[in-house]
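Listed here are the chains, written in short residue letters.
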Amino acid sequence: MTRPSPYVRRRWLGREIRRLRNEHGLAAEPLARTVGFPRQQLSALENGHLGPDIDLVSAICDYLAVGTVRRRAMMDAATDGWTRGWWMADAERMGTRQAIYADLESGTSAITEYALALVPGLLQTSAFADARLRSDPARHAETFDPVAAVAARAYRQQLLLAVGGPRYDVVLDEIAIRRYAADPHIVADQLRHIIGVCAAHPDVTVRVLPIGASIKGHSAPRSAYSIYRYRDTPDCLAVAADTLTSDLIYTEPDEIQPYLSLHSRLKAAALAPDVSIPLLRVAAQELVPAKGVSA
């Protein structure tokens, strides 16, 4: 079982500190001054920056007489926020965006995704991932190494599919199946790989959203996104929304709720898993017929 996501733990802690201040009617400046820390350190703590100041958290808990259970949760989160996950050592070579996803995936109990135009990274074969990572070199920094990136993606998949890994539920837009995101034989192998993963791992579910699906409210998803739920903090969720140049990470409840609502509509409009798998099989066969199988 992987450790809690350091990023999400820092964000949760920052939100908890702000909640404490509000409960006691305290502004940031007087609280920082009273506990003997610079205002900038408190701001960094509340904004979830790297390396939360454990002494500051302890001082706030002391001053505000935080109860034992709540204090332990806050101190644990502060400690977890210092964790250097496996992705930190090679973040520049594997890509900083992929490192962010590896962080968010750590310690999850469930990952829910909507894939708009591409098969999601956690389901990609090495050949498909390599083709995509090499498709637009200008998007990557000079330190980026496609080989390291593909290896990191494979390791993320290994963690996902390990015993005790998170439940994984994907709504895969039919666009991601029909559009040639790589050479036909690579895409065909990719679709067959998804079928194999679903057959071997009951905790992995894929639903295809047909192009002509009728979505409640005529919802039109604007981007791919991932929703993360965590073991250690069940009430804490995170959402990563994919854009062309960066990933937008949301951890505030009012930011996350629209994605939960949208996903329920997309999931309801998607084909059931037992209908989606045959569709993937036919799509792969149309691209590159499997040996011994008639078209």
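Below is a short write-up of the structure. What you see is a predicted model, and the numbers here were worked out from it, not measured in a lab.

## As for the overall build of the protein chain
On a plain count of helices and strands, the protein chain comes out with 13 helices and 6 strands. Out of the 295 residues belonging to the protein chain, those deemed buried represent 48%. Contacts in the protein chain between residues at least 24 apart in sequence constitute 74% of all its contacts with a sequence separation of at least 6. Roughly 14600 Å² of accessible area belongs to the protein chain as shown, and the carbon and sulfur atoms make up 55% of that amount. Positive and negative side-chain charges of the protein chain, numbering 34 and 33 respectively, have mean locations separated by a distance of 3 Å.

## Remarks on the packing of helix α2 (residues 28-35) against helix α4 (residues 54-63)
Where α2 meets α4, the axes come as close as 10 Å, and the angle between the chain directions of the two elements is 95°. In terms of orientation, α2 and α4 fall into the roughly perpendicular class. Here α2 contributes Leu 31, Thr 34 and Val 35 to the contact with α4, which in turn contributes Leu 56, Ala 59, Ile 60 and Tyr 63. Within the contact of α2 with α4, the residues separate by chemical class into 6 nonpolar, 1 polar and no charged.

## A few points about the side chain of Thr 125
Turning to its location among the elements, Thr 125 is positioned in the loop between β1 (108-115) and α8 (126-133). Overall, Thr 125 belongs to the buried group, its relative accessible area being 15%. From its side chain, Thr 125 meets the backbone nitrogen of Phe 128 in a polar contact 3.1 Å long.

## Thoughts on the side chain of Gln 157
Looking at the element boundaries, Gln 157 is found in helix α9 (residues 146-161). For Gln 157, the side chain forms a polar contact with the main-chain oxygen of Gly 121, separated by 3.0 Å. Dropping the residues within four chain positions of it, Gln 157 is found in contact with Gly 121, Leu 122, Leu 123 and Gln 124.

## Some thoughts on the packing of aromatic side chains
Enumeration according to the criterion identifies 5 aromatic pairs in this entry. Three or more aromatic residues link up through ring pairs in this structure, and these residues are Tyr 114, Tyr 225, Tyr 250 and Tyr 259. Across the ring face of Trp 12, the terminal group of Arg 9 is positioned such that the distance to the ring centre comes to 6.0 Å.

## Topic: α2
Those residues of α2 that sit buried are Ala 28, Leu 31, Ala 32 and Val 35. Buried residues in α2, looked at end-on, bunch into an arc of 95°, giving them a common side. Summarising the contacts, the buried residues of α2 are in contact with α1 (6-23), α3 (39-46) and α4.

## What about the pairing of strand β2 (residues 167-173)?
With 6 of its 7 residues buried, β2 lies for the most part within the structure. For β1 and β2, the ladder comprises 6 bridges, and the chain directions are parallel. Bridge assignment links Thr 112 to a residue of β2, and that residue is Asp 169. In terms of strand pairing, β2 meets strand β3 (residues 204-209) through 6 bridges, oriented parallel. Across the sheet, the residue bridging to Asp 173 is Leu 209, located in β3.

## Considerations on the pattern of salt bridges
The final tally for this structure, using the stated rule, is 19 salt bridges. In this structure, the salt-bridge partner of Glu 23 is Arg 70, at a minimum N-O distance of 2.9 Å. Of this pair, Glu 23 sits in helix α1 while Arg 70 sits in helix α5 (residues 68-80); the two residues are 47 residues apart in sequence, bridging distant segments of the chain. A salt bridge links Glu 286 to Arg 178, with the shortest nitrogen-to-oxygen separation between them at 3.3 Å. Of this pair, Glu 286 sits in helix α13 (residues 273-287) while Arg 178 sits in helix α10 (residues 174-178), and the two are 108 residues apart along the sequence. Take Arg 178: its relative accessible area is 37%, and that puts it in the partly exposed class. Residues joined in a network through salt bridges with shared partners are Glu 16, Arg 19, Glu 23 and Arg 70.

## Remarks on the environment of Tyr 168
If you trace the backbone, Tyr 168 turns up in strand β2. Between the C-alpha atoms of Tyr 168 and Thr 108, which are 60 residues apart in sequence, the distance is 9.9 Å. The residues contacting Tyr 168, other than those within four sequence positions of it, are Ile 111, Glu 113, Pro 120, Leu 122, Leu 123, Leu 160, Asp 203, Val 204 and Thr 205. Engagement of the side chain of Tyr 168 in a polar contact is seen with the side chain of Glu 113, the distance being 2.3 Å.

## Structural notes on the environment of Gln 190
Relative to the helices and strands, Gln 190 is located in helix α11 (residues 184-200). On the accessibility criterion, Gln 190 (0% relative accessible area) is buried. Spatially, the C-alpha atom of Gln 190 lies 8.3 Å from that of Leu 123, the residues being 67 residues apart in sequence.

Each value, and the rule that gives it
- Numbers given to residues run from 1 along each chain, matching the order in which its sequence is written.
- Selection of residues for local features in this predicted model requires a pLDDT of at least 70, selection of side-chain atom pairs for listing and counting requires 80 or more, and totals for whole chains, interfaces and linings are taken over all residues.
- In computing side-chain properties, one takes all heavy atoms of the structure into account and sets aside hydrogens as well as water.
- Each helix is a run of H or I in the DSSP string that is no shorter than four residues. Each strand is a run of E no shorter than two, and both are numbered from the N terminus.
- Remark: exposure states derive from per-residue accessible area (1.4 Å probe, protein chains only) relative to the maximum for the residue type, with buried under 20%, exposed over 50%, and partly exposed in between.
- Any two residues whose heavy atoms approach within 4.5 Å are treated as being in contact.
- Reported accessibility uses the Shrake-Rupley method at a 1.4 Å probe radius. Residues are deemed covered only where the shown protein chains occlude them.
- Residues scored as charged are limited to Lys and Arg (positive) and Asp and Glu (negative), so that His and the chain ends carry no count.
- To locate a charge, take atom NZ for lysine, CZ for arginine, CG for aspartate or CD for glutamate.
- For helices, the fitted axis covers only the stretch in contact; all axes are lines through C-alpha atoms, and the angles between them, taken along N-to-C directions, range from 0 to 180 degrees.
- Angles below 35 degrees are treated as roughly parallel, those above 145 as roughly antiparallel, those between 65 and 115 as roughly perpendicular, and all remaining angles as oblique.
- Here the term charged refers only to Asp, Glu, Lys and Arg, the term nonpolar to Ala, Val, Leu, Ile, Met, Phe, Trp, Tyr, Cys and Pro, and the term polar to all other amino acids, Gly among them.
- Pairs of N or O atoms within 3.5 Å make up the polar contacts considered here, provided that, within protein, one atom can donate a hydrogen while the other can accept it, and that residues adjacent in sequence are counted only when both atoms are side-chain atoms.
- Stacked, edge-to-face and tilted are the three classes for Phe, Tyr and Trp ring pairs, Trp counted by its six-membered ring, which pair at centre distances within 6.5 Å; planes under 30 degrees apart are stacked, over 60 edge-to-face, the rest tilted.
- Two conditions define a charge located above a ring, namely a distance within 6 Å from the ring centre to NZ of Lys or CZ of Arg, and an angle within 35 degrees of the ring normal.
- The arc in question is the one spanned by the directions pointing from the helix axis to the C-beta atoms.
- Here, strands pair whenever DSSP counts at least two bridges between them.
- Salt bridges are counted wherever a side-chain nitrogen of Lys or Arg sits within 4 Å of a carboxyl oxygen of Asp or Glu.

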